[in-house]
Amino acid sequence: MDAEQILQKLTEMSVEYLPKLGLGIVTLVIGLWVAGLINKLIIKAFKKGKVDETLIGFLESFIGAILKILVVISVASMVGIKMTSFIAMLSAMAFAVGLAFQGSLSNFAGGVLIIILKPYKVGDYIEAQGHSGIVNSIQIFHTILKTVDNKTVIIPNGPLSNGNIINYTSENKRRVDWTFGISYASDFNKAKEIIQGILTKDERIMKDPAPFSRVGKLNDSSVDITVRVWTKTADYWNVFFDVVENVKTEFDANGIEIPFPQTDVHIHNKNA
């Protein structure tokens with residue numbers, strides 16, 4: 001085949017395929033835009049129907065991926081690629097990609113398990129895989145956390161579904177624990193009365209179960225008073241810090257000494 005025949009063949013192929021290719025590119029761009037719009041409308045309908053927010057985030061990622069795949073298949077058919085050949089090619093690619101991205105498939109399966117079993121949901125404060133934060137969204141391959149100092153942590157769903165998870169907000173109430181140390185010279189009964197008075201005045205602290213305060217340990221330099229109360233999960237940290245501050249204030253006002261480490265230094269004068 002000489003150069004003239006090659007040029008003629010290329011011209012014929014250009015005339016045959018370029019219009020289809022151009023139309024395919026336009027269709028692909030419009031199709032992806034429409035797919036995104038449909039996805040947004042579906043998610044908006046879910047939100048109006050008060051579907052669980054945890055499920056909405058997962059479905060948004062999943063439906064978006066499915067719609068994009070359908071658009072690509074439609075464009076391939078429009079360009080002239082036979083569907084049987086295209087499907088066979090997709091199957092081969094899927095097999096190769098599956099081998100290469102076994103971790104991603106594991107993360108997808110983990111996401112499905114998380115949605116079904118619900119060890120946590122959007123808005124929960126959890127600790128898992130060495131990180132802690134508020135669950136911002138659960139997507140098809142990973143879960144996004146927001147830490148208390150506003151950092152974003154992305155954790156794969158596979159390890160999450162198979163690992164240990166501490167959910168701090170799954171229950172509507174939590175127990176708050178403190179240990180207050182006083183010196184042996186201080187009146188521990190008076191200290192207990194002060195603590196009990198602070199707990200009684202705080203309306204956020206539940207009366208049932210009743211607050212607990214007892215001497216828990218006799219340390220080398222302190223008498224440790226163990227205190228336990230129950231409160232709503234939303235009030236946990238405010239109760240924790242407020243009680244610590246109030247106890248310190250009342251101990252100071254009533255002469256209850258809080259021991260602290262001290263070092264005695266002995267100086268020997270050889271000339272004395």
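Data block above holds the structure.
Residues numbered from 1 in each chain as written. Predicted model: local features only at pLDDT ≥ 70, side-chain atom pairs only at ≥ 80, totals over all residues. Heavy atoms only, no water.

> Even after reading the chapter, I still don't get the sheet that holds strand β4 (residues 152-156), so can you show me in this structure?
Strands pair in a sheet through their backbones, by hydrogen bonds, and they do so in one of two ways: parallel or antiparallel. Taken together, five strands build an open sheet; the order of strands is β4-β3-β2-β1-β5 and the sheet is antiparallel. Every interior strand has two partners, whereas the edge strands, β4 and β5 (165-167), have only one. Each strand axis lies, on average, 40° off the axis of its neighbour in the sheet, ignoring direction. The pairing of strand β1 (residues 125-128) with strand β2 (residues 131-138) spans four bridges and is classified as antiparallel. Looking at the pairing, Ile126 lines up with Gly133 of β2. (Pairing = 2+ DSSP bridges. Helix = DSSP H or I, 4+ residues; strand = E, 2+ residues; numbered from the N terminus. Axes fitted to C-alpha atoms, helices over the stretch in contact; angles between N-to-C directions.)

> When you look at helix α6 (residues 188-201) in this model, what are you seeing that I'm missing?
Note on helix geometry: an α-helix contains 3.6 residues per turn, so any two residues three or four positions apart are oriented the same way. In this model α6 runs 20 Å from its N-terminal to its C-terminal C-alpha over 14 residues, within 8% of the 20 Å that 1.5 Å per residue would give. For α6, the complete set of buried residues consists of Ala191, Ile194, Ile195, Ile198 and Leu199. Summarising the axial view, the buried residues of α6 lie within an arc of 135°, below the 170-degree limit, and thus occupy one face. Relative to its buried face, α6 has exposed residues pointing more than 90 degrees away, namely Glu193 and Lys201. Turning to α6, the residues buried within the fold contact β6 (173-182), β8 (223-232) and α7 (236-253). Measuring from the backbone nitrogen of Asn189 back to the side-chain oxygen at the start of α6 gives 3.0 Å, which picks out Asp187 as the cap. (Expected span 1.5 Å × (residues − 1). Buried < 20%, exposed > 50% of the residue type's maximum accessible area, 1.4 Å probe, protein only. Arc of directions from axis to C-beta. Contact = heavy atoms within 4.5 Å. Polar contact = N/O pair within 3.5 Å; in protein donor to acceptor, adjacent residues only side chain to side chain.)

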